[in-house]
Amino acid sequence: QLQLVESGGGLVQPGGSLRLSCAASGFTLVDVAVGWFRQAPGKEREALLCISSSGLTANFADSVKGRFTISRNNAKNTVYLQMNSLKTEDTAVYYCARRRNFCRRDGTSYDYWGQGTQVTVSS
């Protein structure tokens, strides 16, 4: 049973914070790289942040630099996306996905995706 399940999405006001979780089942996250992506209606999928199997992180989006942080809790086999200073432009469905070993920007190189969680930033 291989699963990635996102949770923590919801409605938040501009300037607020939200933490998304990506819980893995059937495999160990320390053996893979996990990336966070988002897609808004009518827009292309955007790579945000990634953490490699060794724990190194990569930022792929200047628009979230300094506001979003990726982390991993090995005991819980869960990757998190901490989102601060949220803007209306951050409204999207957020996905986590895995690939082997190292982080890459292209989503096509990821072999397993979660179902996504909706984040809506609105006053």
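Model, not experiment: these values are computed from the prediction. (Residues numbered from 1 in each chain as written. Predicted model: local features only at pLDDT ≥ 70, side-chain atom pairs only at ≥ 80, totals over all residues. Heavy atoms only, no water.)

Peer 1: Run through the sheet that holds strand S7 (residues 68-73), naming residues and quoting values.
Peer 2: Taken together, four strands build an open sheet; the order of strands is S1-S3-S8-S7 and the sheet is antiparallel. Either end of the sheet is taken by a strand with one partner, and the two such strands are strand S1 (3-7) and S7. Adjacent strand axes in the sheet meet at a mean angle of 15°, parallel and antiparallel pairs treated alike. Judged from the six bridges that link them, strand S3 (residues 18-25) and strand S8 (residues 78-83) form a sheet pairing that is antiparallel. Across the sheet, the residue bridging to Leu18 is Met83, located in S8. (Pairing = 2+ DSSP bridges. Helix = DSSP H or I, 4+ residues; strand = E, 2+ residues; numbered from the N terminus. Axes fitted to C-alpha atoms, helices over the stretch in contact; angles between N-to-C directions.)

Peer 1: Please set out the packing of aromatic side chains residue by residue, giving values where relevant.
Peer 2: With the rule as written, the count across this model stands at four aromatic pairs. Ring centres 5.0 Å apart and planes at 85° place the aromatic pair Phe37 and Tyr110 in the edge-to-face group. Placement of Phe37 in strand S4 (residues 32-39) and of Tyr110 in the loop between strand S9 (92-100) and strand S10 (112-113) is noted, with a sequence separation of 73 residues between them. Each member of the pair, Phe37 together with Tyr110, is buried. Through successive ring pairs, a cluster of aromatic residues spans Phe37, Tyr95, Tyr110 and Trp113. (Phe/Tyr/Trp six-rings, centres within 6.5 Å; stacked < 30°, edge-to-face > 60°. Buried < 20%, exposed > 50% of the residue type's maximum accessible area, 1.4 Å probe, protein only.)

Peer 1: Describe the pattern of salt bridges, listing the residues and the values that go with them.
Peer 2: Scanning the entire structure with this criterion turns up four salt bridges. Residues Arg38 and Glu46 are paired through a salt bridge, measuring 2.9 Å at the closest nitrogen-oxygen approach. Taking relative accessible area as the criterion, Arg38 reaches 7% and is therefore assigned buried. For Arg67, the salt bridge goes to Asp90, with nearest N and O atoms at 2.8 Å. Within this pair, whereas Arg67 is found in the loop between strand S6 (57-59) and S7, its partner Asp90 is found in the loop between S8 and S9, the two being separated by 23 residues in sequence. (Salt bridge = Lys/Arg side-chain N within 4 Å of Asp/Glu carboxyl O.)

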